[in-house]
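# Report on the structure
One-letter residues, chain by chain:
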Amino acid sequence: MFELHSRLAADTIVVGDFALSRLLLHRDANYPWFILVPRREDITEIYHLSEDDRQQLIRESCLLAESLVDVFSPDKINIATLGNMVPQLHMHHVVRYKCDGAWPNPIWGVLPPLQYTNNLLHERLEAIANVLEGPDFTHHVD
């Protein structure tokens, strides 16, 4: 049975679910930072997924990336699966701007985490959920 890693649970807010993956928003407001986590047990690498699940993950990642471009108009979307701190397979999608505090470097460890204001959190959650809304995505409403 799928269970979200405790670190991901602590660092993120659930946005909703695709057919395969749970979509999370990272609590660091420095960047629009979303994470896909395939809802499969004991998976640490993409190649551990079945062929069908691999293809589904890529579809979901592309849909998310395209949606992030539509909503946030970034200079770049950084997509990565690292897993050095959290072994559970998860795919980061970070909206980047040439004017952000970490550009052009990776975001990890550059800026201290910034807590969301209620307004900004609501805006980001609603903006992405509205763009993704449809048969392929189920928005979690708190």
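Here, every reference points to the structure presented above.
This section reports on the structure supplied with the text. Given the structure is predicted, the values throughout are model-derived calculations rather than measurements. (Residues numbered from 1 in each chain as written. Predicted model: local features only at pLDDT ≥ 70, side-chain atom pairs only at ≥ 80, totals over all residues. Heavy atoms only, no water.)

### Looking at helix H2 (residues 51-72)
Its 22 residues give H2 an end-to-end C-alpha distance of 31 Å, which sits within 8% of 32 Å, the value for a rise of 1.5 Å per residue. Three or more residues of H2 are buried, namely Asp 53, Gln 56, Leu 57, Glu 60, Ser 61, Leu 64, Ala 65, Ser 67, Leu 68 and Phe 72. On the buried face of H2, the contacting elements are strand E2 (21-26), strand E3 (33-38), strand E4 (76-80), strand E5 (91-96) and helix H3 (118-132). Note on H2: the residue one or two positions beyond its end, Ser 73, has a positive phi of about 45 degrees. (Helix = DSSP H or I, 4+ residues; strand = E, 2+ residues; numbered from the N terminus. Expected span 1.5 Å × (residues − 1). Buried < 20%, exposed > 50% of the residue type's maximum accessible area, 1.4 Å probe, protein only. Contact = heavy atoms within 4.5 Å.)

### Overview of the packing of H2 against H3
The interhelical angle for the contact between H2 and H3, taken along N-to-C directions, is 125 degrees, at an axis separation of 10 Å. As far as their axial angle goes, H3 and H2 are oblique. Seen from above, H2 lies across H3 with right-handed handedness. Contact residues: H2 offers Leu 63, Leu 64, Ser 67, Leu 68, Val 71 and Phe 72, while H3 offers Arg 124, Ala 127, Ile 128, Val 131 and Leu 132. Tallied by class, residues from the contact of H2 with H3 come to nine nonpolar, one polar and one charged. (Axes fitted to C-alpha atoms, helices over the stretch in contact; angles between N-to-C directions. Parallel < 35°, antiparallel > 145°, perpendicular 65-115°, else oblique. Left-handed = near helix turned anticlockwise from the far one by under 90°. Nonpolar A, V, L, I, M, F, W, Y, C, P; charged D, E, K, R; others polar.)

### Structural notes on the environment of Glu 133
Tracing the backbone shows Glu 133 in the loop between H3 and strand E6 (138-139). Exposure remark for Glu 133: the relative accessible area of 63% places this residue in the exposed category. Note: C-alpha distance between Glu 133 and Gly 16 (117 residues apart in sequence) is 9.8 Å.

### What about the packing of aromatic side chains?
Under the counting rule described, the total for this entry stands at three aromatic pairs. With a centroid separation of 5.0 Å and 55 degrees between ring planes, the pair formed by Phe 18 and Phe 137 is classed as tilted. A residue pair is termed long-range when its members are at least 10 positions apart, and Phe 18 in the loop between strand E1 (12-17) and E2 and Phe 137 in the loop between H3 and E6 qualify at 119 residues. Look at Phe 18 and you get buried, because its relative accessible area is 4%. Where Trp 33 meets Trp 108, the ring centres are 5.8 Å apart and the plane angle is 85 degrees; that geometry is what we call edge-to-face. Residue Trp 33 is found in strand E3, and its partner Trp 108 is found in the loop between E5 and H3; the two are separated by 75 residues along the sequence. (Phe/Tyr/Trp six-rings, centres within 6.5 Å; stacked < 30°, edge-to-face > 60°.)

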